[in-house]
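Survey of secondary and tertiary structure
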Amino acid sequence: MFTLAIVGRPNVGKSTLFNRLVGKRLALVDDQPGVTRDLREGAARLGDLKFTVIDTAGLEEATDDSLQGRMRRLTERAVDMADAALFVIDARMGVTPSDQIFADILRRKGHPVLLAANKAEGRAGEAGMFEAYGLGLGDVIGLSAEHGEGMADLAAALRPLI
Ligand code: GDP
Ligand code: MG
C-alpha cells in the first residue's frame, strides 16, 4: 500500500488533515518503542484514491531545545516508512525558519515531496502560499484541512505517485 507521511512543524494542521483523510479508520503504528506514540497510521481515502497515511505527532510537548532534534528524528523516521512525504506549512504564517529546517531534511532524504500550504481558506493565506514556492520544493497545494478545501488538488498531485 502506498504510504504518505504528513510532516511539518507543530500547529500547521497535520493532524486535522490526517483526521480528514482517515476519518475513523485509525490504527496505531506498531513500531519501535518510544517512537510509536509519536506516529499515527491510518487508512486514508481521498476521492477514489486509497493509501496509508502517517501523522507525526508528539512534538507539541517538546521544549525549545529538544524540539529540533526530535523534529528531525521523528520526521526522518516517518519519511523512511513512507513512499512520499506531504510537507505542510501554515499559509497564514508564511515560511518560518523551522519550515526551512524541514525543507532541508526532506531535500536531503530524496523521497518524493508534496508541499501543501494549509489554512489557505479565504485570502489570509495568499502571501504565505506564494512564499512557499521559495522553498524550492515545487508546486504548492493550497489546502484548508479544517474546511476541506483543496482536497481535489491534493488528489491530483498524489495520483501520479501512487
Ligand atoms: P498539527 O500540530 O500540525 O497536528 O496541527 P493540528 O491539526 O493540531 O492543528 C493546529 C491548529 O490549527 C488547530 O487549532 C486547528 O483547528 C487549526 N487548523 C487546522 N487546519 C486548519 C485550517 O485549514 N484552517 C484554519 N484556519 N485552522 C486550521
Ligand atoms: Mg498533530
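Below or above, wherever it landed, is the structure these notes cover. This structure is a prediction, so every number in the text was calculated from the model and none was measured. (Residues numbered from 1 in each chain as written. Chains lettered and ligands numbered in written order. Predicted model: local features only at pLDDT ≥ 70, side-chain atom pairs only at ≥ 80, totals over all residues. Heavy atoms only, no water.)

**Re the nonpolar core**
Quick reminder of the rule: Within this scheme, the nonpolar core is defined by two criteria: the residues are buried Ala, Val, Leu, Ile, Met, Phe, Trp, Tyr or Cys, and they are joined through side-chain atoms within 4.5 Å. Think of it in three bands: with a 1.4 Å probe and only protein chains considered, a residue is buried below 20% of the maximum accessible area for its type, exposed above 50%, and partly exposed in between. Helix and strand assignments follow DSSP, with helices taken as H or I runs no shorter than four residues and strands as E runs no shorter than two, numbered in order from the N terminus. Contacts were defined at the residue level, with two residues in contact if any of their heavy atoms lie within 4.5 Å.
Val7, Phe87, Ile89, Leu106, Leu115, Leu135 and Leu137 are the most contacted members of the largest nonpolar core, which totals 26 residues. The set of elements that each furnish at least two residues to this core consists of strand S1 (3-7), helix H2 (64-81), strand S5 (84-90), helix H3 (97-109) and strand S6 (113-118). For Leu135, the residues in contact, after removing those within four places along its chain, are Phe87, Ile89, Val95, Asp99, Gln100, Ala103, Arg107 and Leu115. The next biggest cluster of nonpolar side chains, apart from the first, holds 25 residues, and it includes Val12, Phe18, Leu21 and Val53.

**Re the site of ligand 1**
The cut-off we apply is this: Residue proximity to a molecule or strand is established when one non-hydrogen atom of the residue lies within 4 Å of it. Contacts described as polar in this section are N or O atom pairs within 3.5 Å, which, within protein, must combine one atom able to donate a hydrogen with one able to accept it, while residues neighboring in sequence count only if both atoms come from side chains. Accessible areas in this description were obtained via Shrake-Rupley with a 1.4 Å probe; residue shielding takes into account the shown protein chains only. Lys, Arg, Asp and Glu make up the charged group, whereas Ala, Val, Leu, Ile, Met, Phe, Trp, Tyr, Cys and Pro make up the nonpolar group; the residues left over, Gly among them, are polar.
Neighbouring ligand 1 are 15 residues; Asn11, Lys14, Thr16, Glu121 and Glu146 lie closest to it. In this structure, a nitrogen atom belonging to ligand 1 sits 3.2 Å away from a side-chain N or O atom of Asn118. Side-chain polar atom of Glu146 to an oxygen atom of ligand 1: 2.6 Å apart, as the coordinates give it. Starting from 570 Å² of accessible surface for ligand 1 in isolation, the protein chains cover 75%. In the shell around ligand 1, the residues fall into 3 nonpolar, 6 polar and 6 charged.

**Quick word on the environment of Gly8**
The topology assignment puts Gly8 in the loop between S1 and helix H1 (14-22). The residues contacting Gly8, other than those within four sequence positions of it, are Lys14, Phe87, Val88 and Phe102.

**Comments concerning the pairing of S5**
On a regular strand, one side chain projects to one face of the sheet and the next to the other, so that they alternate. Basically, it comes down to this: For two strands to be treated as a pair, DSSP must find at least two bridges joining them. The crossover handedness rule: strands pointing away from the viewer, path from first strand over the helix to second strand clockwise, crossover right-handed.
Of all 7 residues in S5, 7 are buried, a share of seventy percent or more. Here S5 shows no split at all, with Ala84, Leu86, Val88 and Asp90 on one side and Ala85, Phe87 and Ile89 on the other all buried. As defined by bridge partners, S1 adjoins S5 across 4 bridges and the pair is classed as parallel. Residue pairing across strands places Ile6 opposite Leu86, the latter belonging to S5. Pairing of S5 with S6 involves 6 bridges; the strand directions are parallel. Considered in S6, the bridge of Val88 is made with Ala116. Traced from S5 through H3 to S6, the parallel crossover comes out right-handed.

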